[in-house]
Amino acid sequence: KPKIAFEVGYQYFTLASLSANFEDYKEAEYFFKLAKVPSPEYLFSSAYFDYKLHRFKQAQVILEGLLKHRLDEHLLKIVRSLLADVKRQRGGASAAEQSFNLEKNASKGDWRDLARLANLKFEAGKIKEADELYRQADASLVNIKEEELSKARHRSWLSLQQGLIRLEYGQFAEAKSY
């Protein structure tokens, strides 16, 4: 039954990401702990969960451990990207270095890399560049094949970021629409 517990935990995690309800996060954590599926996908989800709850040290340990496994190209890419985000949050990777690496990857149109690069641009005060990159990320989400709930979670996050940019410009009515 660990696989079922993992799936239930993931659904609660997705719901929590959309609702920001901490009780949903607690349910997700309960089911993730119950699952303990020894697979790279489970470990990545655990690290991502820790990242979302700002438990960066735990996330980093899991992600660095994952790099010792044989991972398919897609999972390896997202593990490395999340690890770079974790290190940046912990002060261990320079924004310039991460920006350079994301510039290379974002040119391929991956929504995650576009969004990460947009986040760096926003933090650097390059609001117009960030806005355009968030728009590109949102547009590229249309082309991915993921379960609809997961895609909705990603789109809601991108929409929130675009709303924050509108707030930065003082466009309060437009920000509210996001």
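As shown above, the structure is provided for reference.
The residue count restarts for each chain, going from 1 along the sequence in the order it is written. Confidence filtering applies because this is a predicted model: local features only for residues at pLDDT of at least 70, side-chain atom pairs given and counted only at 80 or more, and all residues used for totals across whole chains, interfaces and linings. Calculated side-chain values reflect all of the structure's heavy atoms, with hydrogen atoms and water omitted.

Colleague: An account of the overall build of the chain is requested, with residue identities and associated values reported.
Modeller: For the purposes of this entry, the term helix denotes a DSSP run of H or I that reaches at least four residues, the term strand denotes a run of E that reaches at least two, and both are numbered from the N terminus. For the chain, the count of helices and strands is 10 helices and zero strands. For the chain, the N- to C-terminal ordering of α and β elements is α-α-α-α-α-α-α-α-α-α. Whether a residue is buried, partly exposed or exposed follows from its accessible area with a 1.4 Å probe, protein chains only, as a fraction of its type maximum: under 20%, in between, or over 50%, in that order. Here the chain holds 178 residues, and the buried ones make up 43% of them. For this analysis, residues touch if any pair of their heavy atoms sits within 4.5 Å. For the chain, long-range pairs separated by at least 24 residues make up 50% of all intrachain contacts whose partners lie at least 6 apart in sequence.

Colleague: Talk me through the packing of aromatic side chains; I want residue IDs and the actual numbers.
Modeller: Two rings from Phe, Tyr or Trp (for Trp, the six-membered ring) form a pair when their centres are within 6.5 Å of each other. A pair whose planes differ by under 30 degrees is stacked, one over 60 is edge-to-face, and the rest are tilted. Under the definition given, this model contains 14 aromatic pairs. Ring centres 5.6 Å apart and planes at 80° place the aromatic pair Phe 13 and Tyr 48 in the edge-to-face group. Here Tyr 48 lies in helix 3 (residues 40-52) and Phe 13 lies in helix 1 (residues 2-19), a separation of 35 residues in the sequence. No difference in accessibility class separates Phe 13 from Tyr 48, as the two residues are buried.

Colleague: Give me the lowdown on the pattern of salt bridges, citing residues and values where you can.
Modeller: Salt bridges, as used here, are contacts in which a Lys or Arg side-chain nitrogen is within 4 Å of a carboxyl oxygen on Asp or Glu. Counting across every chain of the model gives eight salt bridges. Lys 26 serves as the salt-bridge partner of Glu 23, at 3.4 Å between the closest nitrogen and oxygen. Of the two residues, Glu 23 and Lys 26 both sit in helix 2 (residues 22-35), three residues apart, roughly one turn of that helix. Classification of Glu 23 as partly exposed rests on a relative accessible area of 47%. Look at Lys 26 and you get partly exposed, because its relative accessible area is 43%.

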